[in-house]
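Structural features, examined
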Amino acid sequence: MSSTDANLALWARADEYHDSFLIKPDPILDSVQEKTKARGIDYEIAVSPAQGKFLHLLLLSINAQRVLEVVALELEDLHADVIEENVKAAGQTEKVRVVRGPALQSLEAMPDSTEKFDLAFIDADKENNTNYFIHAKRLVRKGGIIIVDNVGRRGRVADPASTDSSVEGVRALLRYIKDDPDVEATTIHTVGVKGFDGFLYAYNGKN
Ligand code: DHB
Ligand code: MG
């Protein structure tokens, strides 16, 4: 077993141990997972149960009424179909609107006058992280939250030898935020069933 595999096993075991106390079985989420995999969609990149619950608790804590998720702005029809089927199966069609098409175009089409969101979750193509972030700042209320997934990338963001486009997408976002007077942000690195990654948490000071 390589040290990477050993670490992953250790992190996954720790995550699953804690989940076994804190996260109740959820038949709806189980069936969402099964149906999504059955349609040939890569489920490995979904947020982990602990991360999903963290987001859920965060939304409860701030009494969020409107959430912008830059994965529900969906390019692929198959993905959009499966999201809609899953939302329907969960009885949440009144609450969720899936917007089809390139996310950046969908965001550009949302005017400043759009009713503001309490939180935005950016978890799409990493190359566009900064573009999505700029739109999120515009569309999230003052004092709202912007979370960006996958900013750790197994530590590769900090590795000068890594130059792939996703890593570069995270670096560009960090450079942007460094000089941005509108937000205060921090990265929390994470380990668990999805390996070593992290999310960026930004407080939107404008609007
Ligand atoms: C990848 C994308 C994700 O959104 C994620 O959570 C994990 C991995 C990826 O593209 O590799
Ligand atoms: Mg992700």
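Overview of the structure. All of these numbers come straight from a predicted model, not from anything done at the bench.

1. A short note on the sheet that holds strand S6 (residues 183-192)
The five strands are arranged S1-S4-S5-S7-S6 in an open sheet whose pairing can be described as mixed. Edge positions in the sheet fall to strand S1 (67-69) and S6, since each of these pairs with one other strand and no more. Averaged over all pairs of adjacent strands, the angle between strand axes in this sheet comes to 15°, irrespective of strand direction. Note: strand S4 (residues 117-122) against strand S5 (residues 140-149), five bridges, orientation parallel. If you follow alanine 120 over to S5, its bridge partner there is isoleucine 146. Lying on the sheet, helix H1 (residues 3-22) is in contact with S6 and strand S7 (195-204); it crosses S6 at an angle near 105°.

2. Re H1
Between its terminal C-alpha atoms H1 stretches 29 Å, which fits the 28 Å expected from 20 residues at 1.5 Å a residue. All buried positions along H1 are accounted for by Ala12, Asp15 and Asp19. With its buried residues spanning 65° around the axis, H1 presents them on a single face. Across from the buried face of H1, at angles greater than 90 degrees, the exposed residues are Ser3, Arg13, Tyr17, Ser20 and Phe21.

3. Considerations on the nonpolar core
In globular proteins that are soluble, nonpolar side chains generally tend to be buried together. Counting 24 residues, the largest nonpolar core has Leu68, Leu107, Ile122, Phe133 and Ile146 as its most contacted members. When residues of this core are traced back to their parent elements, those giving at least two are helix H5 (103-108), S4, helix H6 (129-139), S5, helix H7 (165-178) and S7. Not counting residues up to four positions away in its chain, the partners in contact with isoleucine 122 are Val70, Asn129, Tyr132, Phe133, Ala136, Ile146, Ile147, Val148 and Asp149.

Calculation rules
Residues numbered from 1 in each chain as written. Chains lettered and ligands numbered in written order. Predicted model: local features only at pLDDT ≥ 70, side-chain atom pairs only at ≥ 80, totals over all residues. Heavy atoms only, no water. Pairing = 2+ DSSP bridges. Helix = DSSP H or I, 4+ residues; strand = E, 2+ residues; numbered from the N terminus. Axes fitted to C-alpha atoms, helices over the stretch in contact; angles between N-to-C directions. Contact = heavy atoms within 4.5 Å. Expected span 1.5 Å × (residues − 1). Buried < 20%, exposed > 50% of the residue type's maximum accessible area, 1.4 Å probe, protein only. Arc of directions from axis to C-beta. Core = buried A, V, L, I, M, F, W, Y, C linked by side-chain atoms within 4.5 Å.

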